[in-house]
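Below, each chain spelled out in residue letters.
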Amino acid sequence: GLILALALLCWGPTFAQPGFALAAEPGVQSDLADEIRKLTAAIERLAELHDSVRRQEEQEALSRRLDTAIAYLNFRSRRIEMLEQDLQEMRVSRNQMDTILVQMDEKGQLLIAEARSGTIGSTSETAKARQEHEMKIKLVQKRMSQMDQELMLLEIKIQDLQDEISSVESFVQRHLQF
C-alpha cells in the first residue's frame, strides 16, 4: 500500500501528461498495475534482504566482541594465577621471617642470660653483641613490615583484576546465554 502510493507519487507526473490515457487503454492499465506490484514485491524483498544483512553484520560484530572478551578473560585469568602464586610465595616468606624473628628473639634472650652470668667476656663485648643483635631484629622487623605492605597491595591488585573479570564474564554470559 505504502510502496504503491510512493510509486504513484513518483510517476504521477507521467500519468498526468497529455496523451497518456490510462482509462482509455485497459491493457496498459493492467500492465502498469502488474509492473507496480512486481516493483513493490522487489522493493519488499530488497528491504528484507537489507534487514537480514544488517542482522548478520550485527551478529558478526557481537561475535568479534565476544572473541575479544574471551581472549581478555584468558589473559587476565593467567595474570591473576601468576599474582596469586606470587602472593602465596610471599606469604611463605613472611611466615619464615616470623620463625626467624622468634629464633632471633631466643638468641637475644640467650645473650642476655650469658651476659648476666658473665660467660661472654667483657661488658663492652656484651653490649656490642646485644647492639648488633637488636639491629638485626630491627632490620628483620622492617622487612616484615614492607612485606606486609606488599602483600596488602598484591591482594588489592588481585581483587581489582577479579572485579574487572567479573564484568567481562557477565557480558560473555549474557551474550552466549550460559
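Residues numbered from 1 in each chain as written. Predicted model: local features only at pLDDT ≥ 70, side-chain atom pairs only at ≥ 80, totals over all residues. Heavy atoms only, no water.

1. Things to note about the nonpolar core
Quick note on the threshold: Take the buried residues of types Ala, Val, Leu, Ile, Met, Phe, Trp, Tyr and Cys, join any two whose side-chain atoms come within 4.5 Å, and each joined set is a nonpolar core. The rule is simple: take the accessible area with a 1.4 Å probe, protein chains only, and divide by the maximum for that residue type; under 20% is buried, over 50% is exposed, in between is partly exposed. Starting at the N terminus, helices and strands are each numbered in turn, a helix being any DSSP run of H or I of at least four residues and a strand any DSSP run of E of at least two.
Counting 22 residues, the largest nonpolar core has Val140, Ile158 and Val172 as the members making the most contacts within it. Counting only elements with at least two residues in this core, the list comes to α2 (26–117) and α3 (123–176).

2. As for the pattern of salt bridges
Using the following cut-off: Any Lys or Arg side-chain nitrogen found within 4 Å of a carboxyl oxygen on Asp or Glu counts as a salt bridge.
Tallied over the entire structure, the rule returns nine salt bridges. Arg54 serves as the salt-bridge partner of Glu58, at 3.0 Å between the closest nitrogen and oxygen. Of this pair, Glu58 and Arg54 both sit in helix α2, four residues apart, which is roughly one turn of the helix. For Glu58, a relative accessible area of 45% corresponds to the partly exposed category. In this structure, Asp148 engages Arg94 in a salt bridge whose closest nitrogen and oxygen atoms are separated by 2.6 Å. Of this pair, Asp148 sits in helix α3 while Arg94 sits in helix α2, and the two are 54 residues apart along the sequence. Among the residues examined, Asp148 registers a relative accessible area of 34% and is labelled partly exposed. Judged by its relative accessible area of 15%, Arg94 is buried. A cluster of three or more residues bridged by salt bridges with shared partners is formed by Asp51, Arg54 and Glu58.

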